[in-house]
There are 2 protein chains.
Amino acid sequence: MTNIKDKNGNDSWVTYRPEIKVVDCTVRDGGLMNSHKFSDELVKAVYQACVAAGVDYMEVGYKASKKIASRADFGDWKFSDEDDIRRIVGENKTSLKLCAMADAERTDYHTDILPKDKSVLDCIRVATYIHQIPTAIDMIKDANDKGYETTVNLMSISVVNETDLQKALEVLVKTPVGSIYLVDSFGALYSEQIRSLTSKFLAAVAGTGKQVGIHTHNNQQLAYANTIEALILGANRLDATIAGLGRGAGNCPMELLIGFLKNPKYDLRPVLGCIEKYFVPLRKEIEWGFTIPYMIAGQLNLHPREALKMRAGKTPDEYVAFYDRMIEEE
Amino acid sequence: MTNIKDKNGNDSWVTYRPEIKVVDCTVRDGGLMNSHKFSDELVKAVYQACVAAGVDYMEVGYKASKKIASRADFGDWKFSDEDDIRRIVGENKTSLKLCAMADAERTDYHTDILPKDKSVLDCIRVATYIHQIPTAIDMIKDANDKGYETTVNLMSISVVNETDLQKALEVLVKTPVGSIYLVDSFGALYSEQIRSLTSKFLAAVAGTGKQVGIHTHNNQQLAYANTIEALILGANRLDATIAGLGRGAGNCPMELLIGFLKNPKYDLRPVLGCIEKYFVPLRKEIEWGFTIPYMIAGQLNLHPREALKMRAGKTPDEYVAFYDRMIEEE
């Protein structure tokens, strides 16, 4: 961190932290709401908005195993094949780096992740539950050996116990991974918990040159608030999505984050243009964002799957019945 | 505060702070979106939900001057006459206390605020801009002399300079006011600013027995996050509204706040029932809640009036044009 405190040791509003990198996850996390079936026009619009807004990374989609997920059921961004990405970005002769996410145990990484010199991707993001960490470590090593930047995204952190987390962090810092991400998959964490967890992650990477990242969900309208809490403490990799598009309640909205960051390289205007032209119409096709069922799931620290089902079903607004069911199931 | 830290000095999750009082502002702040023209059915539903949920105070509306605001233009809750309130609550034989808001310089408080023994109201909330404080002090004294609890709500705090604020707080603590409220009218404040301002307010009331209150707006999706930040620091009066109904981007949603508070007297279920039955239909009649124009106003620390106009106009989604205009006007 350079020059982030003023002479009284307070955060200085005239400076910014150049280490901060913004990662757009719109098409990847948003793909969970439409089986990854975005039009090329929309993916290109997100790509162009990210380039124009000074966003650092764009995550285009998953590298899912074609043995597990069928091409017939899912759109291109479930697989993020090289030709599909290049159809949108060409050789990506921009300052925006490209990533794809590979879920531990659900990807054929040895074959489907090409050597870096054959790919337009820059970074592989390994998503893992705590019990899959041995697999995740092998994936990190594989991607690193192939020449990629890597991140490891520790999912569902709100249900991981502290001893397990501590061990996981100790093991992960010994890998070549570039960034270790705190992922609040359930949108369950409050600011105090974010502060405590971020501190734990930062302590684990101290002195290694690795970065801490934050990926939040908006189940309790805390996605943006929690992102800036982590950022203030020292997390330097910040995930966000345009219009907050993402699974269920969605993610930290890019437009809020860009409006907060002080580095003049970030520009809000292209993001607003993209929302106006593409995301206002998209809201008529698919629903995402804060609603009461997601709130209930977040408050109860549960996976949003029941809330997703409810919002897609015939009684999306029967909140009391849903609450009673969730409380009982707990 | 009793027993809020554990033996290591950390916040203890098994305790709660009995001094915390939740104040429902649904009908009052929400009235700004429909000229205070709520049906009796809705006002009664909010009242009953608050009683059942264990909410401590309900603000029914304004005590606006009938010389300034016409009865023809506004609904009952612009004036909150005694008969209108009693039509909803009878003698209010419940644990829920009732409040009304009186704006400095826009109320005939000497005549329109009755002696407490003639009113079903328990508390008068004086809303004031910083330059109206002499009037506010007279209003506090008047209401206190008549037998009411009082609060003073310092509006638009994000555009008040620190020296003026310090002086205002010094003067206000000398009045008989019960609570002094930090009001983020523009939804412009970030968590760090909330923490700094809340600390200032708490320092000012230290040792006086007065409480600090927090009233937030959701322009940057921070209304709930900022409310719990202030609460964690020691603010004990927490404003919220059902479904977040309130001017523009709305307020801290009651359902999020009730879900967070640990005191078992609070019950989320009646709030969910009220949302399901009354607020889902209400959303088809009036718009409130986070949208991009409110976000832009919040980020620029501006009054939401231009954003309100835009959302009510013919081009509610032309975000780029709105942004360009706001930036230019700054």
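Residues numbered from 1 in each chain as written. Chains lettered and ligands numbered in written order. Predicted model: local features only at pLDDT ≥ 70, side-chain atom pairs only at ≥ 80, totals over all residues. Heavy atoms only, no water.

Trainee: Pulling in residues and values, what's your account of the relation of the copies chain B and chain A?
Mentor: Laying chain B over chain A is done by rotating through 180° and shifting 0.0 Å along the axis; what remains is an RMSD of 0.0 Å. In symmetry terms, the pair is related by a two-fold rotation axis. Of the residues that chain B buries at the interface, 100% are likewise interface residues in chain A, meaning the two copies contact each other through the same surface. (Least-squares fit on C-alpha atoms with pLDDT ≥ 70 in both. Contact = heavy atoms within 4.5 Å.)

Trainee: Residues and numbers for the pairing of strand β8 (residues 237-240) of chain A, please.
Mentor: Residues and elements named next belong to chain A. Residue alternation in β8 divides its side chains into two sets, Arg237 and Asp239 and Leu238 and Ala240, and both sets are buried. With four bridges connecting them, strand β1 (residues 21-24) and β8 associate as parallel partners. Its bridge partner lying in β8, Asp24 is registered against Ala240. One ladder, built from two bridges, connects strand β7 (residues 211-215) with β8; its direction is parallel. Along β8, the bridge assignment pairs Gly213 with Arg237. Note on the crossover from β7 through helix α8 (residues 223-233) to β8: the handedness is right-handed. (Buried < 20%, exposed > 50% of the residue type's maximum accessible area, 1.4 Å probe, protein only. Helix = DSSP H or I, 4+ residues; strand = E, 2+ residues; numbered from the N terminus. Pairing = 2+ DSSP bridges. Right-handed = clockwise from strand over helix to strand, strands pointing away.)

Trainee: Help me get a handle on unusual backbone geometry, residues and values and all.
Mentor: All names here are of chain A. Positioned with a positive phi, Ser80 is a non-glycine residue whose angle comes to about 50°. Tracing the sequence through the fold places Ser80 in the loop between β2 (57-62) and α3 (82-89). The backbone phi angle of Asn92 is positive, close to 50°, even though this residue is not glycine. By the secondary structure assignment, Asn92 is in the loop between α3 and β3 (97-103). Residue classification places Asn92 among the buried positions, given a relative accessible area of 9%.

Trainee: Report on the packing of aromatic side chains, specifying residues and quantitative values.
Mentor: Geometry of an aromatic ring pair is reported as the spacing of the ring centres plus the angle between the planes. This model, assessed by the stated rule, comprises six aromatic pairs over all chains. Ring geometry for Phe279(A) and Trp288(A): centres 6.4 Å apart, planes at 85°, overall edge-to-face. Both residues of the pair, Phe279(A) and Trp288(A), belong to the buried class. What links up through ring pairs into an aromatic cluster is the set Tyr190(A), Tyr224(B) and Phe260(B). Over the ring of Tyr62(B) we find Lys78(B); its NZ or CZ atom is 5.7 Å from the centre of that ring. Sitting over the ring of Phe260(B), Lys262(B) keeps its end group 4.9 Å from the ring centre. (Phe/Tyr/Trp six-rings, centres within 6.5 Å; stacked < 30°, edge-to-face > 60°. Lys NZ or Arg CZ within 6 Å of the ring centre and 35° of its normal.)

Trainee: Outline the environment of Asp56(B), listing residues and values.
Mentor: All names here are of chain B. Mapped onto the elements of the fold, Asp56 is located in the loop between α2 (40-53) and β2 (57-62). Along the chain, Asp56 and Met33 lie 23 residues apart, while their C-alpha atoms are 24 Å from each other. Once residues lying within four places of it in the same chain are set aside, the contact partners of Asp56 are Ile20, Lys21, Val22, Ser95, Leu96, Lys97, Lys265 and Tyr266. Among the polar contacts made by the side chain of Asp56, one reaches the main-chain amide nitrogen of Val22 at a distance of 2.7 Å. Within polar-contact distance, the side chain of Asp56 engages the side chain of Lys265 at 2.2 Å. (Polar contact = N/O pair within 3.5 Å; in protein donor to acceptor, adjacent residues only side chain to side chain.)

Trainee: Please give an account of the environment of Arg87(B) that cites residues and values.
Mentor: Residues and elements named next belong to chain B. Mapping Arg87 onto the fold places it in helix α3 (residues 82-89). Overall, Arg87 belongs to the partly exposed group, its relative accessible area being 36%. Among residues more than four places away in sequence, those in contact with Arg87 are Asp40, Lys44, Asp76 and Trp77. Within the structure, Arg87 has its side chain in polar contact with the side chain of Asp84 (distance 2.5 Å).

Trainee: Can you explain the sheet that holds strand β4 (residues 123-128) of chain B? Please cite residues and give values.
Mentor: Residue and element names in this part refer to chain B. Within the closed barrel, the eight strands sit side by side as β1-β2-β3-β4-β5-β6-β7-β8. Their pairing is parallel. Each strand of the sheet is rotated relative to its neighbour by a mean of 25°, with strand direction disregarded. Note that strand β6 (residues 179-183) and strand β7 (residues 211-215) share five bridges and pair parallel. Opposite Leu182, over in β7, you have Ile214 as the bridge partner. Lying over the sheet, α2 contacts β1 (21-24), β2 and β3 (97-103), oriented at roughly 160° with respect to β2. The sheet contacts of helix α5 (residues 133-145) involve β3, β4 and β5 (149-154), and relative to β4 the element is tilted by about 175°. (Axes fitted to C-alpha atoms, helices over the stretch in contact; angles between N-to-C directions.)

Trainee: Quick rundown of the interface of chain B and chain A? Include the residues and the values.
Mentor: Contacts between chain B and chain A engage 37 residues on the former and 37 residues on the latter. Carbon and sulfur atoms supply 62% of the area that chain B and chain A bury against each other, a total of about 3300 Å² over both sides. Between the two partners, chain B and chain A, sit four salt bridges. Residue Arg269(B) is joined to Asp324(A) by a salt bridge in which the shortest nitrogen-to-oxygen separation is 2.6 Å. For the interface between chain B and chain A, the tally reads 14 residue pairs in polar contact (both at pLDDT 80 or more). Elements with a minimum of two residues in the side of chain B that touches chain A: α7 (191-205), α8 (223-233), α9 (254-260), α10 (269-285), α11 (292-299) and α13 (319-329) of chain B. Of the residues belonging to the side of chain B that touches chain A, the class tally is 20 nonpolar, seven polar and ten charged. (Buried area = accessible area lost by both parts, 1.4 Å probe. Salt bridge = Lys/Arg side-chain N within 4 Å of Asp/Glu carboxyl O. Nonpolar A, V, L, I, M, F, W, Y, C, P; charged D, E, K, R; others polar.)

Trainee: Summarise the packing of α7(B) against α8(B); cite the residues concerned and give the values.
Mentor: All names here are of chain B. Two elements in contact, α7 and α8, have axes whose closest approach is 9 Å; the angle formed by their N-to-C orientations is 40°. Considering only the axes of α7 and α8, their crossing is right-handed. Residues Ser191, Ile194, Arg195, Thr198, Ser199 and Leu202 of α7 form the contact with α8, whose participating residues are Asn226, Glu229, Ala230 and Leu233. Looking at the contact of α7 with α8, its residues break down into four nonpolar, four polar and two charged. (Left-handed = near helix turned anticlockwise from the far one by under 90°.)

Trainee: Could you give an account of the nonpolar core, naming the residues involved and the relevant values?
Mentor: Judged by nonpolar contacts, the single largest core of 206 residues is most densely connected at Leu98(A), Ile242(A), Phe279(A), Leu98(B), Ile242(B) and Phe279(B). When neighbours within four sequence positions are excluded, Ile242(A) is seen to be in contact with Asp24(A), Thr26(A), Val46(A), Ala49(A), Met254(A), Glu255(A), Val271(A), Cys274(A), Ile275(A) and Phe279(A). (Core = buried A, V, L, I, M, F, W, Y, C linked by side-chain atoms within 4.5 Å.)

Trainee: Can you explain the environment of Asn251(B)? Please cite residues and give values.
Mentor: All names here are of chain B. The topology assignment puts Asn251 in the loop between β8 (237-240) and α9. Residues Asn251 and Ser185 lie 66 residues apart in sequence; the distance between their C-alpha atoms is 9.6 Å. Those residues in contact with Asn251 that sit more than four places away from it in its chain are Asp29, His215, Thr216, His217, Asn218, Ala223, Thr241, Gly244, Leu245 and Gly246. One polar contact links Asn251 to His215, side chain to side chain, over a distance of 3.2 Å. From its side chain, Asn251 meets the backbone oxygen of Thr216 in a polar contact 3.1 Å long.

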